[in-house]
Amino acid sequence: MEIVKTENLVKIYQDNGVPVEALKMINLSVSKGEYVVIAGPSGSGKTTLLNLLGALDKPTKGKIYFEGEDITLKEKSDLAKIRLHKLGFIFQAYNLIPVLSAIENIEFSMMLLGIPEKERKEKALSLMDELGIKELADKRPNEMSGGQQQRVAVTRAIVNNPSLVLADEPTANLDSVTAGHLLDLMERMNAEKNITFIFSSHDRQVIDRAKRLIILKDGLIES
Amino acid sequence: MLLKLAWRNIWRNKRRSLIVLISLVVGLTAIVLTDGLSNGMMRQMLFNQINLDISHIQIHKSGFNNNKIVKNFIPDYKNVEFVLQKNPGVEAYSKRVFATGILSSANNSSGVTIYGIVPSEEAKVSIIKSSIIDGKYLGSGKREIIIGKKLADKLGVEVGDKVVAMANSSKGDIASDAFKIIGIFQTSNSEYDKMTVYVQAATEQDMLGIGDNYHEFAVITKDYNKVASIQNNFEKSLGTGYEVYTYRDLLPMLIYQMDLYKESMMILNVIIGLALIFGIINTMLMSVFERIQEFGVLMAIGMKNNRLYLMIVFEAFILGVIGTLAGLVFGLLLDIPLAHSGINLSIFATGLESFGIGAVIYPVLSVGNIINAVLFMPIVAVLGALYPAYRAIKLEPIYAINYV
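Residues numbered from 1 in each chain as written. Chains lettered and ligands numbered in written order. Predicted model: local features only at pLDDT ≥ 70, side-chain atom pairs only at ≥ 80, totals over all residues. Heavy atoms only, no water.

Draft legend 1. Fine view of the overall build of chain B. On a plain count of helices and strands, chain B comes out with 15 helices and twelve strands. Taking 404 residues into account, the globule formula puts the C-alpha radius of gyration at 22 Å, and chain B, at 31 Å, lies well above it. For the C-alpha atoms alone, the extent of chain B along its principal axes is close to 100 × 45 × 30 Å. Looking at chain B as a whole, 53% of its 404 residues qualify as buried. Within chain B, counting contacts between residues at least 6 apart in sequence, those at least 24 apart form 78% of the total. For chain B, the accessible surface area stands at approximately 18,400 Å², while carbon and sulfur atoms represent 60% of it. (Helix = DSSP H or I, 4+ residues; strand = E, 2+ residues; numbered from the N terminus. Rg over C-alpha atoms; globule rule 2.2 N^0.38 Å. Buried < 20%, exposed > 50% of the residue type's maximum accessible area, 1.4 Å probe, protein only. Contact = heavy atoms within 4.5 Å. Areas by Shrake-Rupley, 256 points an atom, 1.4 Å probe, with all protein chains shown as cover.)

Right, dumping it as structure tokens:
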């Protein structure tokens, strides 16, 4: 089953009035259960592509289909709904909400879905247990290491059983051992839960473990 | 959870939140105090007038209020007395004879209003008896008079001295009588003290030649808020030939002044509110700009604009509620003792007395004032958060996430 597909995707930014073509005619299709890494040098358009696939940004030209539905021209609120129900995000800087504990951060997206408190607490704890971070439940982000925060972020990203998890340079701020553990975790989620992952990264370790590798260069898919 | 998040966001920057809270507390305390003080002043002005001579309701012969001549006495005062005694809303009443004239001493003379009263009745409707500062209140003596302190000073007389009162009689000639001053009173209204004297009703009736008739009934009701319905009852029971006025009819300027004062207090509250709103807008904008990236993350994980908006408004609302509670406590802690001890404004005593207010003001807080104050700050806080919240939801997720 095709999760996300792009057709002739173009993104042009205005940089101080000068148009910059970040993506040029990208045609891409990712199916359910894939584990994809988009690699390429800085400025190649990795993050731009990920943002478009994640319904965070709109293309200048071309189309994006999510689970077969054209989302290119959807309203802001419809895109928020898609992100809430279908997508999970993992950021380079973890981006947990600093005033919430680990379990509250995980619960937050369930709260947005209207899941009752008791149910979401049980679900969050059960998933944290499964991912081996249950002891972090009551810790705030500033009381956790980078690796721990990113594990909580992964848990937050998958807790609503999304169709697709987008991870933007998830290991960039981690040492190689911690990064390895985190990748193990995501690989396990991909294998056990059939969650589709799309990474953007130029980390060798991430690239080496890709089941499908897409190389971007100057806004074009090279291979 | 949104409330929990809003609550925790408030305490991220404790110093900033405390500054906002202090401004809200000071604002609300000021509102509670000024409301209490102005309310107290207005009530004192009104009650002083009521308790001096206006009372809650006055009954006269029709046309008397516009033409206070001696001949305009009540044609059948016993009928009025009967109606008053039958009405359960009446607390007390006093029959009065009324004349304007001149009071002369050996040294000076002055224009006065001469009230002829039944002393025991008048003591139940006015504060004259309790306002005696020298000598005593009227008793049974026929040629006794009590006068105001200012008038005594002007005439250069004291208790025991003799004065002569002159007024037009019912026949149109000049009637006069000599009186011995047995008491001097001082009220909170110096103008009243300069213009008013009291004698026995029977003596004044003789002097004016009006038989045993009276010009006025001054009525105190059990509940002054019900004067309008009692007025209606009196008018129906008495029929034509009488005029029945409430204090609101008799003190139009004072009522107007009170309304004006209330409105000016509202304007003052709005000014305080506006100042606070701009403070809150500033603080909330700072708070929003500090969290742009976080809002981007919240949008990325699917938070809709309405929830984001609500969260920011909640933060301000919580600040408003805390500020209200603390401000109310401070305001009441200051207000309640002052309501008992009063605020001594004796340095302004002369000015206040000419307005009919005593030198000591007793703040009065009504339930309405408290409800207004309680609603005021959270509303102000929410209004102050609307624009910052609008700015937050206008952010594009991609811009917000990448904001540094």
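And the narrative resumes.
Draft legend 2. How the structure looks around the packing of helix H3 (residues 77-86) of chain B against helix H8 (residues 227-238) of chain B. All names here are of chain B. One way to put it is that H3 packs onto H8 with a least axis distance of 10 Å and a crossing angle of 135°. On the basis of their axis angle, the class for H3 and H8 is oblique. Viewed along their axes, H3 and H8 form a crossing whose handedness is right-handed. Contacts between H3 and H8 involve Asn79, Val80, Val83 and Leu84 on the former and, on the latter, Phe234, Ser237 and Leu238. Split by residue class, the contact of H3 with H8 holds five nonpolar, two polar and no charged. (Axes fitted to C-alpha atoms, helices over the stretch in contact; angles between N-to-C directions. Parallel < 35°, antiparallel > 145°, perpendicular 65-115°, else oblique. Left-handed = near helix turned anticlockwise from the far one by under 90°. Nonpolar A, V, L, I, M, F, W, Y, C, P; charged D, E, K, R; others polar.)

Draft legend 3. Spotlight on the domain arrangement of chain B. Per the domain assignment, the segments of chain B are domain 1 (2-49 + 254-401) and domain 2 (63-239). Averaged C-alpha coordinates put domain 1 of chain B and domain 2 of chain B at centres separated by 49 Å. (Domains from an automatic or database assignment.)

Draft legend 4. Highlighting helix H4 (residues 117-130) of chain A. All names here are of chain A. Helix length check: H4, at 14 residues, gives a terminal C-alpha distance of 20 Å against a target of 20 Å (1.5 Å per residue), a fit within 8%. In this structure, the buried residues of H4 make contact with helix H3 (102-112), helix H5 (146-158) and helix H6 (176-193). Among the residues trailing H4, glycine 132 stands out with phi positive, at a value near 75°. (Expected span 1.5 Å × (residues − 1).)

Draft legend 5. Region of the structure containing the pattern of salt bridges. By the definition in use, this model includes 29 salt bridges over all chains. Two residues, A:Glu104 and B:Lys4, come together in a salt bridge whose shortest N-O distance is 3.1 Å. Residue A:Glu104 is found in helix H3, and its partner B:Lys4 is found in helix H1 (residues 2-10); the two belong to separate chains. By relative accessible area, which is 7% here, A:Glu104 ends up buried. On the basis of relative accessible area, B:Lys4 is assigned to the partly exposed category, the value being 32%. Put simply, A:Arg209 and A:Glu187 hold a salt bridge, and the shortest N to O gap is 2.8 Å. Of this pair, A:Arg209 sits in the loop between helix H7 (204-208) and strand E9 (212-217) while A:Glu187 sits in helix H6; the two residues are 22 residues apart in sequence, bridging distant segments of the chain. Its relative accessible area of 23% is what places A:Arg209 among the partly exposed residues. By relative accessible area, which is 24% here, A:Glu187 ends up partly exposed. Among the charged side chains, a salt-bridge network with shared partners connects A:Glu104, B:Lys4 and B:Arg8. (Salt bridge = Lys/Arg side-chain N within 4 Å of Asp/Glu carboxyl O.)

Draft legend 6. Structural view of the pairing of strand E7 (residues 174-185) of chain B. All names here are of chain B. Sheet analysis places strand E4 (residues 132-135) next to E7, joined by three bridges and oriented antiparallel. Following the sheet pairing, isoleucine 132 is matched in E7 by phenylalanine 185. Summarising the sheet, strand E6 (residues 162-168) and E7 pair through seven bridges and their orientation is antiparallel. Bridging from a neighbouring strand, methionine 166 pairs with serine 176 of E7. Connecting E6 to the antiparallel partner E7 that follows it, the hairpin turn spans five residues, and glycine 172 within it adopts a positive phi of roughly 95°. (Pairing = 2+ DSSP bridges.)

Draft legend 7. Quick peek at the sheet that holds E9(A). All names here are of chain A. Strand order in this open sheet of six strands is E6-E7-E8-E3-E9-E10, and the pairing throughout is mixed. Two strands bound the open sheet, and with one partner strand each, they are strand E6 (87-90) and strand E10 (220-221). Bridge count between E6 and strand E7 (residues 164-168): four bridges; the pairing is parallel. Within E7, the residue paired with glycine 88 across the bridge is valine 165.

Draft legend 8. View of the packing of H1(B) against helix H12 (residues 305-341) of chain B. Residue and element names in this part refer to chain B. Where H1 contacts H12, the axes come no closer than 9 Å and their chain directions differ by 60°. One finds that H1 runs oblique with respect to H12. Where H1 crosses over H12, the handedness of that crossing is right-handed. Here Leu2, Leu3, Leu5, Ala6, Trp7, Asn9 and Ile10 of H1 come into contact with H12, specifically with Arg307, Leu310, Met311, Phe314, Glu315, Ile318, Leu319 and Ile322.

Draft legend 9. Just the interface of chain B and chain A, in detail. The interface is formed by 27 residues belonging to chain B together with 25 residues belonging to chain A. Approximately 2,400 Å² of surface area, both sides summed, lies buried where chain B meets chain A, with 66% of it carried by carbon and sulfur atoms. For the chain B face of the interface with chain A, the top three residues by lost area are B:Met1, B:Arg8 and B:Ile301, together amounting to 29%. Joining chain B to chain A, the criterion identifies two salt bridges. The set of elements that each furnish at least two residues to the side of chain B that touches chain A consists of H1, helix H11 (292-300), H12 and helix H15 (397-401) of chain B. (Buried area = accessible area lost by both parts, 1.4 Å probe.)

Draft legend 10. Region of interest: the sheet that holds strand E5 (residues 69-70) of chain A. All names here are of chain A. Taken together, the four strands give an open sheet; going across it, the order is E2-E1-E4-E5, and neighbouring strands pair in antiparallel fashion. Looking at the sheet topology across the chains shown, the edges are occupied by strand E2 (18-31) and E5. Across ten bridges, the pairing between strand E1 (residues 2-15) and E2 is antiparallel. Of the residues in E2, the one forming a bridge with lysine 5 is serine 29.

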